[in-house]
Amino acid sequence: SVFGLAAVQLSVFVNTFLASLLPQGSISFLYYADRVMEFPLGVFGIAVATAALPPMAEQAARRDLAGLNETLNFAIRLSCFVAVPASVGLILLRVPITRVLFERGAFSSFDTEATAWALGFYALGLPAFAGTRITAQAFYALGDTRTPVRIAMAAVALNVVFAIALMGPLGHGGLALASSCAAAANFTGLLWRVRRIGPLGIQRILKSLALVGLATAFMAAWCGILLLWWPVSSSRWVEAGWLFAAIGGSVSLYAGVAAGLKSAEWSALLTLLRRRAERASRQSLPPRRND
């Protein structure tokens, strides 16, 4: 597991070194873009991966490989249900998000455009970044820590090749795109090797992705309409309000379409959130006295 994480840090180190060969500011642009991309990944992608490990470990201990496959299939579908629209939203709203978060003081409009350029390429790989974390947990549950490391090291090598090939035409954006391509290769390799424990149910995942794609299309249309009327020249507070409306409206529209399509992932997500709220409510109650 440690070597697997080291492989990720090695990719970061390589990209940072290559970015130092590009025009001044490239390292900072990649850093800020990565921070924004890591927010949805950390809030949901890593959370799903962390929550999936205990049940998969228990199923692996019982040699319930069918149950482990079912848990992995559900975790991947649930991750894609959130990561795909988050990826599209970040791509469409990358400029206003960057401007509202960072453009002040020494951070100029040029810096906003440069950071947003990298953010769009990082966002392309968001579903793969999340899927990689989840699929690797299946190997850890089975006690196989070597396979994810081998695939991760191969992805690092691909990252170097992609980065060198893309940094010329795309600048620092090419380094971000190289990371996304390497993440996609890593995810694909893990999915290919995880088949040894049984059929993963790719058809169910593809069916879920089709529904997610349809709901995401409605969300993208909403963002596109708002971008046509975006108040770029207004104050940051006005633009922040528009950004809040864009994100809030996107979430509401996406959830509404998913519910209308009777998405199993939307129902499961509601159930998980409801259970979490009930647990939080019980924990906040004062202890009962035994009079």
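Residues numbered from 1 in each chain as written. Predicted model: local features only at pLDDT ≥ 70, side-chain atom pairs only at ≥ 80, totals over all residues. Heavy atoms only, no water.

Participant: How should the pattern of salt bridges be read in this particular structure?
Facilitator: A side chain of one charge can pair with a side chain of the opposite charge if their charged atoms are brought near each other. What the rule picks out here adds up to 7 salt bridges. Notably, a salt bridge pairs arginine 62 with glutamate 58, separated by 3.1 Å at the nearest N-O pair. Given the relative accessible area of 48%, arginine 62 is considered partly exposed. Glutamate 239 serves as the salt-bridge partner of arginine 99, at 2.7 Å between the closest nitrogen and oxygen. Placement of arginine 99 in helix H4 (residues 94-102) and of glutamate 239 in helix H10 (residues 236-260) is noted, with a sequence separation of 140 residues between them. Classification of arginine 99 by relative accessible area gives buried; the value is 9%. Among the charged side chains, a salt-bridge network with shared partners connects Glu58, Arg62 and Asp64. (Salt bridge = Lys/Arg side-chain N within 4 Å of Asp/Glu carboxyl O. Buried < 20%, exposed > 50% of the residue type's maximum accessible area, 1.4 Å probe, protein only. Helix = DSSP H or I, 4+ residues; strand = E, 2+ residues; numbered from the N terminus.)

Participant: Help me understand the side chain of arginine 77 in this model?
Facilitator: Structurally, arginine 77 is set in helix H3 (residues 65-92). Once residues within four sequence positions are removed from consideration, arginine 77 is found in contact with Glu70, Arg204, Ile205, Ser208 and Glu265. (Contact = heavy atoms within 4.5 Å.)

Participant: Looking at this structure, how should I read unusual backbone geometry?
Facilitator: Generally, phi is negative for residues other than glycine and the peptide bonds are trans, each holding for most cases. A positive phi angle is found at arginine 63, which is not glycine, with a value near 60°. Its place among the elements puts arginine 63 in the loop between helix H2 (26-61) and H3. Judged by relative accessible area, which is 57%, arginine 63 ranks as exposed. Its identity as a non-glycine residue notwithstanding, lysine 262 has a phi of 55°, on the positive side.

Participant: So what exactly am I meant to see when it comes to the nonpolar core here?
Facilitator: Nonpolar side chains tend toward joint burial in soluble globular proteins. Core analysis: the largest hydrophobic core is formed by 70 residues, its most contacted members being Leu72, Ile76 and Leu175. Looking at which element gives the most residues to this core, the answer is H2, with 11 residues. In contact with leucine 72, other than residues within four places in its own chain, are Met56, Ile134, Thr135, Ala138, Val194 and Leu200. (Core = buried A, V, L, I, M, F, W, Y, C linked by side-chain atoms within 4.5 Å.)

Participant: In this structure, what is going on with the side chain of aspartate 111? I would like to understand it.
Facilitator: Relative to the helices and strands, aspartate 111 is located in helix H5 (residues 109-124). A relative accessible area of 15% places aspartate 111 in the buried class. Polar side-chain contacts of aspartate 111 include one of 2.9 Å to the backbone nitrogen of serine 108. Setting aside its immediate chain neighbours within four residues, aspartate 111 contacts Phe29 and Ala106. (Polar contact = N/O pair within 3.5 Å; in protein donor to acceptor, adjacent residues only side chain to side chain.)

Participant: Just to check I follow, could you spell out H2 for this structure?
Facilitator: What sets the pattern is the α-helix's 3.6 residues per turn: residues three or four places apart point alike. Where H2 bends most, at glycine 42, the angle is about 45°. Positive backbone phi, at 60°, marks arginine 63, one or two positions downstream of H2. (Bend = angle between axes of the 7 residues up to and from the residue.)

Participant: Honestly, the environment of alanine 47 in this entry has me stumped. Any pointers?
Facilitator: When you line up the elements, alanine 47 lands in helix H2. With 87 residues separating them along the chain, alanine 47 and isoleucine 134 place their C-alpha atoms 9.3 Å apart.

Participant: Got a minute to help me understand a nonpolar patch on the surface in this structure?
Facilitator: Taken together, the side chains of Leu10, Phe13 and Met153 define a hydrophobic patch exposed on the protein surface, amounting to about 290 Å² of accessible area. Within the element layout of this structure, methionine 153 appears in helix H7 (residues 146-170). (Patch = residues over 30% accessible without salt bridge, like charges linked within 9 Å, V, L, I, M, F, W, Y side chains within 5 Å. Areas by Shrake-Rupley, 256 points an atom, 1.4 Å probe, with all protein chains shown as cover.)

Participant: Got a minute to help me understand the packing of aromatic side chains in this structure?
Facilitator: Any aromatic ring pair is given by two values, namely how distant the centres are and how the planes are angled relative to each other. Enumeration over the complete set of coordinates arrives at 9 aromatic pairs. With a centroid separation of 4.9 Å and 45° between ring planes, the pair formed by tyrosine 32 and phenylalanine 102 is classed as tilted. Taken as a pair, tyrosine 32 in helix H2 and phenylalanine 102 in helix H4 lie far apart in primary sequence, 70 residues in all. In this structure tyrosine 32 comes out as partly exposed when scored by relative accessible area, which is 28%. Chaining the aromatic ring pairs together yields one cluster made of Tyr31, Tyr32, Phe102 and Phe107. In this structure, arginine 195 is placed above the aromatic ring of tryptophan 192, and the distance from its NZ or CZ to the ring centre is 3.7 Å. (Phe/Tyr/Trp six-rings, centres within 6.5 Å; stacked < 30°, edge-to-face > 60°. Lys NZ or Arg CZ within 6 Å of the ring centre and 35° of its normal.)

Participant: I tried to follow the packing of H2 against helix H8 (residues 172-194) on my own but got confused; where do I start?
Facilitator: Here H2 crosses H8 at 40°, and the two axes come no closer than 9 Å. Comparing their axes, H8 and H2 come out oblique. Handedness of the crossing formed by H2 with H8: right-handed. Contacts between H2 and H8 pair Ser26, Phe29 and Leu30 from the former with His172, Leu175 and Ala176 from the latter. Classifying every residue of the contact of H2 with H8 by side-chain character gives 4 nonpolar, 2 polar and no charged. (Axes fitted to C-alpha atoms, helices over the stretch in contact; angles between N-to-C directions. Parallel < 35°, antiparallel > 145°, perpendicular 65-115°, else oblique. Left-handed = near helix turned anticlockwise from the far one by under 90°. Nonpolar A, V, L, I, M, F, W, Y, C, P; charged D, E, K, R; others polar.)

Participant: What's the story with the environment of serine 252 in this structure? I'm lost.
Facilitator: The residue serine 252 is located in helix H10 in this model. Sequence separation between serine 252 and methionine 219 is 33 residues, and the spatial gap between their C-alpha atoms is 8.8 Å.

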